[in-house]
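In case you want the letters, here they are:
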Amino acid sequence: SKSAKYKRLLLTPMFLADLARALKPSGLVHFATDVEQYAGHAMDMVSQQTSLAAVSQETARDLLPTCHQLSRREWTCQQRQIPIFRRFFQRIITE
């Protein structure tokens with residue numbers, strides 16, 4: 001069922017709250033998936049968090065370290081010409 005599937009997803013409100021707590025101020029998260037609906041779900045989940053905000057790929061590119069190593073899944077998707085949907089989230093600085 002759809003609700004059972006969402007229970008197994010990594011991005012849950014509890015996980016995102018823990019992630020935001022562990023990130024340094026302005027810390028960046030790079031989320032990648034080959035499932036377009038999951039990328040949309042990630043954006044929905046982050047929009048409900050007060051401590052994280054989505055940032056553009058251009059902004060993230062300036063903040064991320066240079067790394068050209070693909071994960072095994074990214075390599076497989078590249079070989080099979082499956083698109084990868086990337087989303088970037090940053091911890092919001094609160095005073």
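Reference entry: report on the structure contained in this document. Treat the numbers as computed from the prediction; the structure is a model and nothing was measured. (Residues numbered from 1 in each chain as written. Predicted model: local features only at pLDDT ≥ 70, side-chain atom pairs only at ≥ 80, totals over all residues. Heavy atoms only, no water.)

## Considerations on the packing of aromatic side chains
So, step 1. Scanning all chains against the criterion turns up one aromatic pair.
So, step 2. Look at Phe 31 and Tyr 38: their rings are 5.2 Å apart centre to centre, the planes differ by 85 degrees, and that puts the pair in the edge-to-face class. (Phe/Tyr/Trp six-rings, centres within 6.5 Å; stacked < 30°, edge-to-face > 60°.)

## Comments concerning the sheet that holds strand S2 (residues 52-55)
Each strand in a sheet pairs with another by means of backbone hydrogen bonds, the pair being arranged parallel or else antiparallel.
So, step 1. Taken together, the three strands give an open sheet; going across it, the order is S1-S3-S2, and neighbouring strands pair in antiparallel fashion. The two strands at the open ends of the sheet, each matched to only one other strand, are strand S1 (28-33) and S2. With strand direction ignored, the average angle separating the axes of adjacent strands in the sheet is 30 degrees.
So, step 2. Note: S1 against strand S3 (residues 85-91), six bridges, orientation antiparallel. Following the sheet pairing, Phe 31 is matched in S3 by Arg 87.
So, step 3. Where helix H3 (residues 36-47) meets the sheet, it contacts S1, S2 and S3, and its direction lies at approximately 15 degrees from that of S3. (Pairing = 2+ DSSP bridges. Helix = DSSP H or I, 4+ residues; strand = E, 2+ residues; numbered from the N terminus. Axes fitted to C-alpha atoms, helices over the stretch in contact; angles between N-to-C directions. Contact = heavy atoms within 4.5 Å.)

## A short note on the pattern of salt bridges
So, step 1. Scanning the entire structure with this criterion turns up three salt bridges.
So, step 2. Between Arg 73 and Asp 34 there is a salt bridge whose closest N-O contact spans 2.3 Å. Here Arg 73, found in helix H5 (residues 72-80), pairs with Asp 34, found in the loop between S1 and H3; they are 39 residues apart in sequence, far enough to count as distant.
So, step 3. A residue is classified by how much of its surface remains accessible, and Arg 73, at 42% relative accessible area, is partly exposed.
So, step 4. For Asp 34, a relative accessible area of 25% translates into the label partly exposed.
So, step 5. Note that Arg 86 is salt-bridged to Glu 74, the shortest N-O span being 2.8 Å. (Salt bridge = Lys/Arg side-chain N within 4 Å of Asp/Glu carboxyl O. Buried < 20%, exposed > 50% of the residue type's maximum accessible area, 1.4 Å probe, protein only.)

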